[in-house]
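Structural description and commentary
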Amino acid sequence: MTPPAGDTLRIGLFGYWPGTCSPDGFLRDYSPESNHGIVGFDARWIWFTNPRAVRYVGNEDRTYVGYLGGPTGTDIRVGAYDHRANEWEGTTLHASFSADDHTNPSLVVREDGHLLVFWTGHNGETIFYAISEEPESASEFGRRRTISQHVVTYPNPVLVPENGRSTLYLFYRDREVTADATDDEYGYIGDGNVYYRRSLDGGSTWTDQHEMVAAPDGHYSMYFVHAQGDDGTVHFFLTDAERGGDAPKWHVLHCAYRDGAFYRADGSRIACEAELPLTRSDLEVVYDSANENNEYAWVWDCGVDADGNPAVVYATFPSTLDHEYRYARWDGDSWLDHRITTAGRYIEEDGVELHYSAGIAMDPSDPDVVYACFHRDGYRGLKRLETDTGGRTWAARDVATRSAGTVLRPVVPSNAAAEVPVLWLAGTYRNMHSSGTVLRGLPGDGTDEMDDENGGIEGSALVGDGTRGVSLGPHRFRNHVFRDGVSVSALVSPSDPADEGVVANFGGAIRLGFSRETEGSIEFALSDGGDDERTACWEWDDGGVRRFVEGKWDGAEMRLLIDGETVDTRPFEGPLEFGTEPADWTLLRDAYLMGSGFRGRVEEVRLYDRCPSVAESRRLAELVRETGLGR
């Protein structure tokens, strides 16, 4: 309940989240600051590791999704959405693997229904993979298998029909460790080339690798995306990047693979396997960044129509603050290229990867349909775009228009169902190592071992299951905002107070949660951004008990209150200092939704940029308990 006008409890109210959440996962902040949140289980991915989502219909009808997330936020995960049962199940294949979003897994479903999942580090030494124990099931996988590499990223598995059977191909980027010709300040290394291996026994054994495309000497990477036609032809679209950041990214290039050789879109042969590797000059130029009127470009996604004609969507960069989405399609005679729309600015908060667009995805089997995320003019959303003119004109409709933070990196599942036509991420994106995004696009946004129908919301309470959290976005508030005091409070009911879990985190400087320092205790912690972190705590006697908790600080002393009464104090001179700029705000999980997932119910979360008086704290406790218990 928001205090009435004139009530002193309205003064300094910096955030108020009662717990009421919309079915699409939008958590409203009823304070004047409008720090709205997005609720869900965390997921992270890059757009060059594919397929990320595949629908397979056999005895079951399920869409399988690979992502980085899980209880630690750094786990390799596979989820399965059952279209008939309307249920979601998630499985961890590699716990605490990486915080880098370039390490998300890809997956493929064999003809016998078994899933194969592949993942690597970002420039790692090993390709990891696992095969499901049962067909059409993501609940259990066999032993973790490995393929030794040099500096590998972006595994892309593809089943290719050859000689009356399916051959499993695995395409990826690898490199020898060399000095970058650009002598880059971020330590980028060059010679990121495209390789592949093949397996004739469904992934049990692999051939030696073949170098498919070599980047120009010293260039950081040949980035690639792929799509497969009904005849089995695999189309590749590539960009030659000198390095990351806003360095030159050259062209949209194309080649196609079938029957042991590589071809142009018109069917003319480029090379057979014995003549590899291809060089940049061997590839077909779809968009020429060196043209006087063109810009740097970066491939995003591709598809193949029913006639076998490939198409691609990509971003160009008139400026880092004004990206554009474009579309090119082979019409049987030539490449037709069109501008789709302005995309907006780069999404990364740190301002290093200035070519990170919000993202655009294509239906892999229907290139008339694309989904585009936008980061422009105050609009953060996702639109479905459709053309019947080969890309000259587009009809648009909104898919997601209301989100806290950034909407990014959509993907269309292979063989997508009508109820899951697209998946995307939403939340905080500071950089590739620090992103607090949740998965969107599942019906109910995935109930993942939850009994409630709204994906983490039960009535008007937030329900934590250890994996679900709330991203409140990055905040650039200067440290002096909380110079004179702070108060954070909530009506809390933990499932087990001995389990470590964050109730509320504000930039790492202000935290309310359980059992980080003292097992079985509720804790209120403040930090000066350095070595001085102080914690006031109180032993919570039993799980399931519901209490109003407030932690407050007046500039000299911290107080922890239970139901309006002080139970612990600690000296703290401050000042409060956020560890990063911008500071990440979260509920139910730690910063960037990584680790320390809370299990239980949370309601009536408030944040003040001042220290309420004794009388105000007691009145707030009465108000909150009346509101919460009355539900």
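Because the structure is a prediction, the values reported are computed rather than measured.

**A short note on the overall build of the protein chain**
Helix and strand counts for the protein chain come out as one helix and 45 strands. What you see for the protein chain is a C-alpha radius of gyration of 26 Å, in line with the 25 Å of a compact globule of 631 residues. For the protein chain, the residues scored as buried account for 62% of the 631 residues in total. A fraction of 56% describes how many contacts in the protein chain between residues 6 or more apart in sequence connect residues 24 or more apart. Just so you have it, the protein chain exposes about 22600 Å², and 42% of that area is on carbon and sulfur atoms. If you average the places of the 58 positive and of the 105 negative side-chain charges in the protein chain, the two averages end up 4 Å apart.

**Re the nonpolar core**
One recurring pattern in soluble globular proteins is that nonpolar side chains are buried together. By size, the foremost hydrophobic cluster in this structure holds 69 residues, and its most contacted members are F48, F237, V252, Y325, L423 and L439. Residue contacts for L423: discarding those within four places in its chain leaves W45, A53, V65, R409, P410, V411, P413, L439, R440, G441 and L442. L27, L472, V488 and M558 belong to the second-largest nonpolar core, a separate cluster that totals 41 residues.

**Quick word on the pairing of strand β40 (residues 533-539)**
When strand β39 (residues 521-527) meets β40, the two strands line up antiparallel, connected through seven bridges. Considered in β40, the bridge of S521 is made with E539. Linking β39 to β40, which pair antiparallel, is a turn of five residues; within it G529 sits at a positive phi near 85°.

**Concerning the pairing of strand β38 (residues 510-514)**
Of all five residues in β38, five are buried; the element is thus mostly enclosed. One ladder, built from five bridges, connects strand β37 (residues 501-506) with β38; its direction is antiparallel. Pairing of N505 across the sheet is with R511, part of β38. What sits between the antiparallel neighbours β37 and β38 is a turn of three residues, in which G507 has the positive phi angle 70°. One ladder, built from five bridges, connects β38 with β39; its direction is antiparallel. Note that in β39 the partner of I510 across the bridge is L526. In this structure, the hairpin formed by β38 and β39 is closed by a connection of six residues, where S515 is found at a positive phi of approximately 60°.

**Notes on the packing of aromatic side chains**
Tallying each qualifying case throughout the model produces 45 aromatic pairs. When the ring of F41 is compared with that of Y67, the centres are 5.8 Å apart and the planes differ by 45°; the resulting orientation is tilted. Linking F41 in strand β3 (residues 37-41) with Y67 in strand β6 (residues 61-69), this pair joins segments that are 26 residues apart in sequence. Three or more aromatic residues joined by ring pairs form one cluster here, namely W47, F48, Y154, Y223, W298, W300, Y356 and Y429. Across from the ring centre of W298, 4.6 Å away, lies the NZ or CZ of K249, which sits over that ring. Of note, R345 hangs over the ring of Y346, and the distance from its end group to the ring centre comes to 4.3 Å.

**Topic: the side chain of T120**
Counting through the fold element by element, T120 comes out in strand β10 (residues 115-120). Dropping the residues within four chain positions of it, T120 is found in contact with F97, T103, T126, I127, V152, T153, Y154 and P155.

**Here we look at the pattern of salt bridges**
Opposite charge on two side chains permits them to pair, given that their charged atoms come into close proximity. Using the criterion set out here, one finds 33 salt bridges in the structure. In this structure, D240 and R280 form a salt bridge, with 2.6 Å as the shortest nitrogen-oxygen distance. On the criterion of sequence distance, the pair formed by D240 in strand β17 (residues 234-241) and R280 in the loop between β20 (269-272) and β21 (284-287) is long-range, its members being 40 residues apart. On the accessibility criterion, R280 (28% relative accessible area) is partly exposed. Ionic contacts of the salt-bridge type, sharing partners, join the residues D42, R44 and R589 into one network.

**Topic: the confidence of the model for the protein chain**
Detailed reading of the predicted coordinates is not advisable wherever pLDDT falls low. Averaged over every residue, the pLDDT of the protein chain is 91; residues scoring 70 or more account for 92%. Confidence drops under pLDDT 50 across residues 446-459; counting only partners more than four residues distant or on other chains, this segment forms 38 contacts.

**Examining the sheet that holds β10**
The seven strands lie next to each other as β9-β10-β11-β12-β13-β14-β15, forming an open sheet whose pairing is antiparallel. The sheet is open, and its two edges are formed by β9 (106-109) and β15 (210-213), each paired on a single side. Direction aside, neighbouring strands of the sheet carry axes that sit 30° apart on average. Judged from the four bridges that link them, β9 and β10 form a sheet pairing that is antiparallel. Paired with L107 across the two strands is V117, which belongs to β10.

**Remarks on the sheet that holds strand β2 (residues 26-27)**
Strand order in the open sheet formed by eight strands is β2-β3-β35-β44-β37-β38-β39-β40, and the pairing between neighbours is antiparallel. Where the open sheet ends on each side, the last strands, each with one partner, are β2 and β40.

**A few points about the side chain of T428**
Within the fold, T428 resides in strand β31 (residues 423-431). A polar contact is formed between the side chain of T428 and the side chain of D584, at a distance of 3.1 Å. Setting aside chain neighbours within four positions, we find T428 in contact with S435, G436, T437, S471, G473, P474, D584 and Y592.

**Observations concerning the environment of C21**
Summarising the element assignment, C21 is placed in the loop between β1 (13-17) and β2. Take C21: its relative accessible area is 14%, and that puts it in the buried class. Distance from C21 to Y592, taken between C-alpha atoms, is 20 Å for residues 571 residues apart in sequence.

**Points about unusual backbone geometry**
Omega for the bond connecting L276 with P277 falls within 30 degrees of zero, at 5°, which places this linkage in the cis form. The amide bond that connects G574 to the next residue, P575, takes the cis arrangement and shows omega of 0°. If you trace the backbone, P575 turns up in the loop between β43 (565-571) and β44 (583-587). For L593, which is not a glycine, the phi torsion comes out positive at approximately 60°. Looking at the secondary structure, you find L593 in the loop between β44 and β45 (599-608).

**Examining the environment of T103**
Counting through the fold element by element, T103 comes out in the loop between β8 (87-94) and β9. For the pair T103 and G124, spaced 21 residues apart in sequence, the C-alpha separation works out to 9.3 Å. Among residues more than four places away in sequence, those in contact with T103 are L68, I76, F97, S98, W119, T120, G121 and H122. Among the polar contacts listed, one links the side chain of T103 to the backbone oxygen of D100, at a separation of 2.7 Å.

The rules behind the values
Residues numbered from 1 in each chain as written. Predicted model: local features only at pLDDT ≥ 70, side-chain atom pairs only at ≥ 80, totals over all residues. Heavy atoms only, no water. Helix = DSSP H or I, 4+ residues; strand = E, 2+ residues; numbered from the N terminus. Rg over C-alpha atoms; globule rule 2.2 N^0.38 Å. Buried < 20%, exposed > 50% of the residue type's maximum accessible area, 1.4 Å probe, protein only. Contact = heavy atoms within 4.5 Å. Areas by Shrake-Rupley, 256 points an atom, 1.4 Å probe, with all protein chains shown as cover. Lys, Arg positive; Asp, Glu negative; His and termini not counted. Charge placed at Lys NZ, Arg CZ, Asp CG, Glu CD. Core = buried A, V, L, I, M, F, W, Y, C linked by side-chain atoms within 4.5 Å. Pairing = 2+ DSSP bridges. Phe/Tyr/Trp six-rings, centres within 6.5 Å; stacked < 30°, edge-to-face > 60°. Lys NZ or Arg CZ within 6 Å of the ring centre and 35° of its normal. Salt bridge = Lys/Arg side-chain N within 4 Å of Asp/Glu carboxyl O. pLDDT = per-residue confidence, 0-100. Axes fitted to C-alpha atoms, helices over the stretch in contact; angles between N-to-C directions. Polar contact = N/O pair within 3.5 Å; in protein donor to acceptor, adjacent residues only side chain to side chain.

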